[in-house]
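Descriptive analysis of the structure
The residues making up each chain are set out below.
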Amino acid sequence: MTLSDISIKNPVFAWMLMLGLILFGWISYSRLGVSQMPDVDLPLVTIDISYEGASPEIVETDVIDLVEEAVISVEGVTQISSSARQGAASITVELSLDRDVDVAVQEIQSKLSRIQGMLPDDIDPPIISKKNPE
């Protein structure tokens, strides 16, 4: 005998089976431990540097190239993008998802402090921050 034969002969059993599945499904769904907006540290770090009065070409050659060379050696870096504007530079470092962002920020700070002597004297100290859309 198949389930369809039993359900045809006993319609109350079929309704009870259907209601039981719906009830247990609803209970299971309500206890499901998945968040729609999980807490995730995005692996993006930005470095902002201001160099008053410098053209974008000077900012790129004197600042961005040195910073990119220092940051590329940090473990877990997947991509570096930068932009130079009149008197300012912005460098975005993308890290792998399994990399701890706070540790990476500390490593980037130590790399930048090592090259501080090679950067021009009249730039402001770099501002390093994590990007978080929240």
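These lines cover the structure that appears in this document, whether it is placed above or below.

How each quantity is defined
- Residues numbered from 1 in each chain as written.
- Predicted model: local features only at pLDDT ≥ 70, side-chain atom pairs only at ≥ 80, totals over all residues.
- Heavy atoms only, no water.
- Pairing = 2+ DSSP bridges.
- Helix = DSSP H or I, 4+ residues; strand = E, 2+ residues; numbered from the N terminus.
- Salt bridge = Lys/Arg side-chain N within 4 Å of Asp/Glu carboxyl O.
- Buried < 20%, exposed > 50% of the residue type's maximum accessible area, 1.4 Å probe, protein only.
- Core = buried A, V, L, I, M, F, W, Y, C linked by side-chain atoms within 4.5 Å.
- Contact = heavy atoms within 4.5 Å.

Alignment of strand β2 (residues 77-85) against strand β3 (residues 88-95), held across 8 bridges, turns out to be antiparallel. Residue pairing in the sheet places S82 in a bridge with I91 of β3. From the end of β2 to the start of β3, which pair antiparallel, there are 2 residues, and G87 there has a positive phi angle of about 80°.

This structure, assessed with the given rule, holds 2 salt bridges. A salt bridge links R99 to E107; the nearest nitrogen and oxygen atoms lie 2.7 Å apart. Given a relative accessible area of 14%, R99 falls into the buried group. Across the salt bridge formed by D102 and K130, the nearest N and O atoms sit 2.8 Å from each other.

For the rest of this paragraph, the subject is the nonpolar core. Among the nonpolar cores identified, the biggest contains 26 residues, and V45, I47, I49, V67, V93 and I108 are the most heavily contacted of them. Secondary structure elements with two or more residues in this core: β1 (44-50), α3 (56-71), β3 and α4 (101-114). A total of 6 residues in this core trace back to one element, the largest contributor, which is α3. Those residues in contact with V45, other than ones at most four positions away along the chain, are I91, T92, V93, L95, V101, V105, I108, I128 and S129.

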